[in-house]
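# Breakdown of the fold
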Amino acid sequence: MSRIASSIGRSGKHVEQLEQRRLFAAPQATSVFADNRGEVQITFDQPLNPTTVNTRSVFVFLPGPDGAFATADDVKIIGRVKAVTGNRRIWFRPAEKVPFIAGSSYSVKVNSKRVFSASGQRIDGEWNGAGVRTGDGNPGGDILMLSKRDKGVLPTARFATIAGNFDVRLFTQLTPLNVVNFLNYADDGSYDNTVNQRNLPGFIWQTGGFRVSPTNTFDTIPSKTPVANEPGPTQATRGTISLARPNDGNPATDDRGTNQFFFNLVNNEANLGGQNGGFTEFGEVTSAAGLAVMDAMAAFPTIDGDPTVNPGQFDNLAVQNSSKTLDDAIADPQGTLVTIRRISIRNKVVQWVF
């Protein structure tokens, strides 16, 4: 704000404009996301100085052999730390070469003495509870929190896609076998960078069978032990996620599936509800915003990706723009294909007091 001072001199009364000053509020965290595989995202209400967001200011720890946090045997998780989303978000992810057991509880600390806003203010980090802005109105105060497994009956899977993020509530009570099957792939990273392999707008889009590897190749996701179909009373409603089955006419395998699944873009109950005993819907998108991202994934153009070697396999392979070809997909799958970067389970975040 500006200040105006009046003074009287020999020449008479005059007004003098003093320096212009601006008051800067300390940055506060407005939301926190932490998953069961060690990824943490802390979003602030203003841009941070990205040079202050690093492994010297953001720390994630596992408890040591004593099972307690903030003791001498805590184990620091090695990972990547950076500022993203216009420098408003702190993003941490464990290094790929460092084992992290899915479902482990871990602590998070953001050091307010080291993290500053773009305007030079220290963060205002005192924890006030999940979904509540941090701080007490004054610069300073570390962000201290614990990330723990959600023990509720309806855990939520976070899908981080090329079109945005959305959440899926899993039906652990209605379809326990299929939820466990899904988690077996998600928890070990099998679904990281999985490809939208079959995109049929107005019907479904299917994924889970193929992925882009860390070396930017187009790979098959190895399948695990097949899981039995668990059709429920409501079939294929919009926003549900369904187990894909081979549909090969073999009674011994047609009622089972492995890693592939699909999203119902519309109510497909009349079409799929009674087909070969119906399909297992083992979760559903949780919000209208999530449905919009699901629809955005279906809006990408498609190519006939492999018409000669495997006819029918990739007839509707989703690509990032209509100029892409099969050669592009082979040469640069990361820059060509439509992918889900990560699938994980949302953790419960609580205050860390020690």
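Each remark here, short or long, concerns the structure printed above.
A brief structural summary. Position numbers for residues start from 1 in each chain and track the written sequence from start to end. Local features in this predicted model are restricted to residues of pLDDT 70 or higher, and side-chain atom pairs are both shown and tallied only at a pLDDT of 80 or more, whereas totals for entire chains, interfaces and linings draw on every residue. For side-chain calculations, the full set of non-hydrogen atoms in the structure is used, while hydrogens and water are omitted.

The patches described consist of residues with a relative accessible area above 30% and no salt bridge, like charges being joined within 9 Å and nonpolar side chains (Val, Leu, Ile, Met, Phe, Trp, Tyr) within 5 Å. For the accessible areas, the method is Shrake-Rupley and the probe is 1.4 Å, while residue cover comes only from the protein chains on display. Here, a salt bridge means any side-chain nitrogen of Lys or Arg that lies within 4 Å of a carboxyl oxygen of Asp or Glu. His is not counted, nor are the chain ends, whereas Lys and Arg count as positive and Asp and Glu as negative. For the purpose of locating charges, the reference atoms are NZ of Lys, CZ of Arg, CG of Asp and CD of Glu. A grouping of Lys148, Arg149, Lys151 and Lys348 is seen on the molecular surface, where their side chains present a positively charged patch. Residue position: lysine 348 is located in strand β26 (residues 348–351). Think of it this way: any DSSP run of H or I at least four residues long counts as a helix, any run of E at least two long counts as a strand, and we number them from the N terminus.

What is meant by a nonpolar core is a set of buried Ala, Val, Leu, Ile, Met, Phe, Trp, Tyr and Cys residues, joined one to another through side-chain atoms within 4.5 Å. Each residue is placed in one exposure class: buried if its accessible area under a 1.4 Å probe, protein chains only, is under 20% of its type's maximum, exposed if it is over 50%, and partly exposed if it falls in between. Counting residues in each nonpolar core, the largest one holds 31 residues, and the members touching the most others are Phe159, Phe182, Trp205, Phe261 and Phe263. Broken down by secondary-structure element, the contributors of at least two residues to this core are β11 (156–161), β12 (164–170), α1 (176–187), β19 (240–243), β21 (261–264), β22 (281–285), α3 (288–298) and β25 (339–345). Among the elements that take part in this core, α3 stands out by supplying 5 residues, more than any other. Discounting residues that sit within four places of it in the chain, phenylalanine 263 has contacts with Phe159, Phe166, Val168, Phe203, Ile204, Trp205, Thr240, Ile241, Val285 and Met294. Counting residues in hydrophobic clusters, the runner-up holds 24 residues, among them Ala34, Leu48, Val108 and Val110. For this analysis, residues touch if any pair of their heavy atoms sits within 4.5 Å.

By the definition in use, this model includes 13 salt bridges. In this structure, aspartate 35 engages arginine 342 in a salt bridge whose closest nitrogen and oxygen atoms are separated by 3.0 Å. In this pair, aspartate 35 sits in the loop between β3 (29–34) and β4 (40–44) while arginine 342 sits in strand β25, placing the two residues 307 residues apart along the sequence. Owing to a relative accessible area of 0%, aspartate 35 belongs among the buried residues under this scheme. We classify arginine 342 as buried; its relative accessible area is 3%. In this structure, the salt-bridge partner of lysine 109 is aspartate 142, at a minimum N-O distance of 4.0 Å.

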